[in-house]
Amino acid sequence: MFSLRGCGLCVAASLSKKHLPLARFIGDSAAPVAANFDVVVIGGGHAGTEAAAAAARCGSRTLLLTHRVDTIGQMSCNPSFGGIGKGHLMREVDALDGLCSRICDQSGVHYKVLNRRKGPAVWGLRAQIDRKLYKQNMQKEILNTPLLTVQEGAVEDLILTEPEPEHTGKCRVSGVVLADGSTVHAESVVLTTGTFLRGVIVIGLETHPAGRLGDQPSIGLAQTLEKLGFVVGRLKTGTPPRIAKESVNFSILNKQTPDNPSIPFSFINETVWIKPEDQLPCYLTHTNPRVDEIVLENLHLNSHIKETTRGPRYCPSIESKVLRFPNRLHQVWLEPEGMDSDLIYPQGLSVTLPAELQEKMITCIKGLEKAKMMQPGYGVQYDYLDPRQITPSLETHLVQRLFFAGQINGTTGYEEAAAQGVIAGINASLRVKRKPPFVVSRTEGYIGVLIDDLTTLGTNEPYRMFTSRAEFRLSLRPDNADSRLTFRGYKEVGCVSQQRYERASWMKSSLEEGISVLKSIEFSSSKWKKLIPEASISIGKSLPLRALDVLKYEEVDMKLLAKAIPEPLKKYIKCRELAERLKIEATYESVLFHQQQQINEVQQDEALQLPKDLDYLTLRDVSLSYEVREKLHFSRPETIGAASRIPGVTPAAIINLLRFVKTTQQRQMAMNELPKADQSLCDTESLEERQL
């Protein structure tokens, strides 16, 4: 056993512990109750909390190590969850019994479904969240999760041992070394460091080492990972200034109200914790030419924008927007930070100018003429690890039983972090039990799209999820995430509760029954027109129409159908979610058949496994260019389908690789049959001898 001494997570521990349940919390000055755990998770952000809770739900004794317990569940940037693509991830995390969706249903102050003008396959569930309430509810959940222990402390090193011969990797992680010299042994370790790896905060020309405002960065751990041979890159992001609510003139701004009724994120919740009339509004304003002038005149005072490190393409700073899209007005959403918060978050105004210039810029914007800035915006630059160095289970190629999740893999956003966290936690637990990994393919979920994009394509800018990234988005809808993932999570992994499984089973059987009933009801178009005059049904159609066909009309829903035909349809409108899902199933019935055929073709490619120990650089039995060999060697795809998505791997290379895999499989099958044939021959000879 050996360790990389002197490399670690620099953390501060400052917390009054008297309010925490001591059964679940250990201070940094005390040794853990047990120095041996199945899974250790480093980091208490959105990826870390999901990973720790998932591992514990799977039955593993789990330790969550965090620099400060009072920052567990902290929303470091925007006070919101969800959105287009991101809402899909939240539904899938929830389908696997993850935490963030349930906590959002308990902590939101403004719930809204985005993209309503388009089909339900691309609707984006979103909510403004009360920062303080979310953190309280998340800490309560984490500190009361069975099999999960939380400890404050600095991780100074990784404990490494000889690798397992049956798996790839140069070594195996078997625990961590803490700042006080004590060790915690673990079968698996999950690393969720966020923006803390060599993190630097930038305001104007000033820089300060920090993972986020007020927290020290992790220098040693970044060096440890580099020494192990991981390829490290550099990314940047930023956050807007905070504004005093009382100083904003909301009366002249465009008011945005929440949805009524509010749609919960979690499948097990029928409603959210707060009524629509009690929720807080958001307000819309815009930048103007004066904002552009201030930005352009002061670029020389902004080191963050001049930095060559790549920033987020889809959530850029106001400086980037002014440079990329000159002479345009840009939206600024004024979002509440909580029910009793005095702060407003100006979404879309991420900025890293010197503080005095930020204040000058803010007061040029409509409604903010007298705004008081309570905290300046700032940029963060940090290390990330090329995600092509991890497998679809999020275990690293180089170090066995070491898992990465969250921004360390080059992603941005709470939702992307949570999605990776739940998968890393599940697989860290499965690795302990020596069970096959739990992998979500890109045909099964947005989580699969996210991880497949990272592990095959890599990223050189903060990766954000969009519905456009998914080829099969008509099948991978927010409404059916439970039918896609909950049953797998319950049967294959054990991370899903009995309550959730029974709820998903009831919904599945109710949908099947409802669709069957809707298909069985048939009338002529003229009769349907009399029953439902609101529907734009052409009476010239000669063939009878099923109730399922009538439900496809935009103006028809289950309530209208049940009103026209109370029996047997009225029972299907008692549950709002069931009625809405029947409408969605009817909407996509015809196109889903064709998409399922495409999914089957992709799954055939995904079923063709590549040997894990394949050495692409020295492989002689297949014709591949050296460039292709290098790409395959670095990414190490697990299937032919994954290999085909790697940029630069040509169709000809895929055909040659496919031919090699099939030949190898046939040769192996023949070798396996040979001992059987030899044994049969020996049995025949033995029989002949006995007969003689």
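The name given to the protein chain in an unreviewed UniProt entry is 5-taurinomethyluridine-[tRNA] synthase subunit MTO1, mitochondrial, with Neomonachus schauinslandi as the source organism. UniProt, in the comment section headed Cofactor (unreviewed entry), describes the protein chain in these words: "FAD". Per UniProt, the protein chain carries the Subunit (unreviewed entry) text "Homodimer; forms a dimer in the presence of potassium. Interacts with GTPBP3; forms the GTPBP3-MTO1 complex composed of homodimers of GTPBP3 and MTO1."

Brief notes about the packing of aromatic side chains
With the rule as written, the count across this model stands at 7 aromatic pairs. Between Phe81 and Tyr414, the aromatic rings sit 5.1 Å apart at their centres with planes inclined by 45°, giving tilted as the arrangement. Of this pair, Phe81 sits in strand S5 (residues 80-82) while Tyr414 sits in helix H10 (residues 414-432), and the two are 333 residues apart along the sequence. Looking at Phe81, the relative accessible area reads 0%, which means it is buried. On the numbers, 5.8 Å between centres and 80° between planes, the contact of Phe487 with Tyr501 is edge-to-face. Here Phe487, found in helix H12 (residues 481-493), pairs with Tyr501, found in helix H13 (residues 498-520); they are 14 residues apart in sequence, far enough to count as distant. We note that Phe487, like Tyr501, is buried. Taking the ring centre of Trp123 as reference, the NZ or CZ of Arg116 above it sits at 4.5 Å.

A few points about the sheet that holds strand S6 (residues 108-114)
The antiparallel open sheet is built from 3 strands, whose spatial order is S5-S7-S6. Each end of this open sheet is capped by a strand with a single partner; those strands are S5 and S6. Across the sheet, the mean angle from the axis of one strand to that of its neighbour is 15°, orientation sign disregarded. Where S6 meets strand S7 (residues 124-129), 6 bridges bridge the pair, whose relative direction is antiparallel. Among the inter-strand pairings, Tyr111 is bridged to a residue of S7, identified as Ala127. Its contacts with the sheet put helix H2 (residues 86-95) on S5 and S7, and the angle it makes with S5 is roughly 80°. Sitting on the sheet, helix H3 (residues 100-107) is in contact with S5, S6 and S7, with an inclination near 120° to S6.

So, the pairing of strand S19 (residues 343-347)
Here S19 lies mainly inside the structure; 4 of its 5 residues are buried. In terms of strand pairing, strand S15 (residues 242-244) meets S19 through 2 bridges, oriented antiparallel. Looking at S19, one finds that Ala244 is bridged to Leu343. The sheet contact formed by strand S18 (residues 331-336) and S19 spans 4 bridges and is antiparallel. Pairing of Pro336 across the sheet is with Ile344, part of S19. Between S18 and the antiparallel strand that follows it, S19, lie 6 residues.

Reading the values: the criteria
- Note that residues are indexed from 1 along each chain, following the sequence as it is written.
- Local features in a predicted model are, by the rule used here, given only for residues with pLDDT of at least 70; side-chain atom pairs are given and counted only at 80 or more, and totals for whole chains, interfaces and linings are based on all residues.
- In computing side-chain values, all of the structure's heavy atoms are included and hydrogens and water are not.
- UniProt positions are given in the numbering used here, feature names are shortened, and annotations may be inferred rather than shown by experiment.
- Centres within 6.5 Å are what make two rings of Phe, Tyr or Trp a pair, Trp counting through its six-membered ring; a difference in plane orientation under 30 degrees is then read as stacked, over 60 as edge-to-face, and the rest as tilted.
- Segments assigned H or I by DSSP are reported as helices when at least four residues long, segments assigned E as strands when at least two residues long, and all are numbered from the N terminus.
- Each residue is assigned to one of three classes by its accessible area relative to the maximum for its type, calculated with a 1.4 Å probe on protein chains only: buried under 20%, partly exposed between the two thresholds, exposed over 50%.
- For a lysine, the NZ atom is tested; for an arginine, the CZ atom; a charge sits over a ring if that atom is within 6 Å of the ring centre and within 35 degrees of the ring normal.
- Two strands are said to pair when DSSP picks up at least two bridges between them.
- Between N-to-C directions, angles cover 0 to 180 degrees, with each direction set by a line fitted to C-alpha atoms, over the stretch in contact for helices.
- Contacts are assigned to residue pairs that have any heavy atoms within 4.5 Å of one another.

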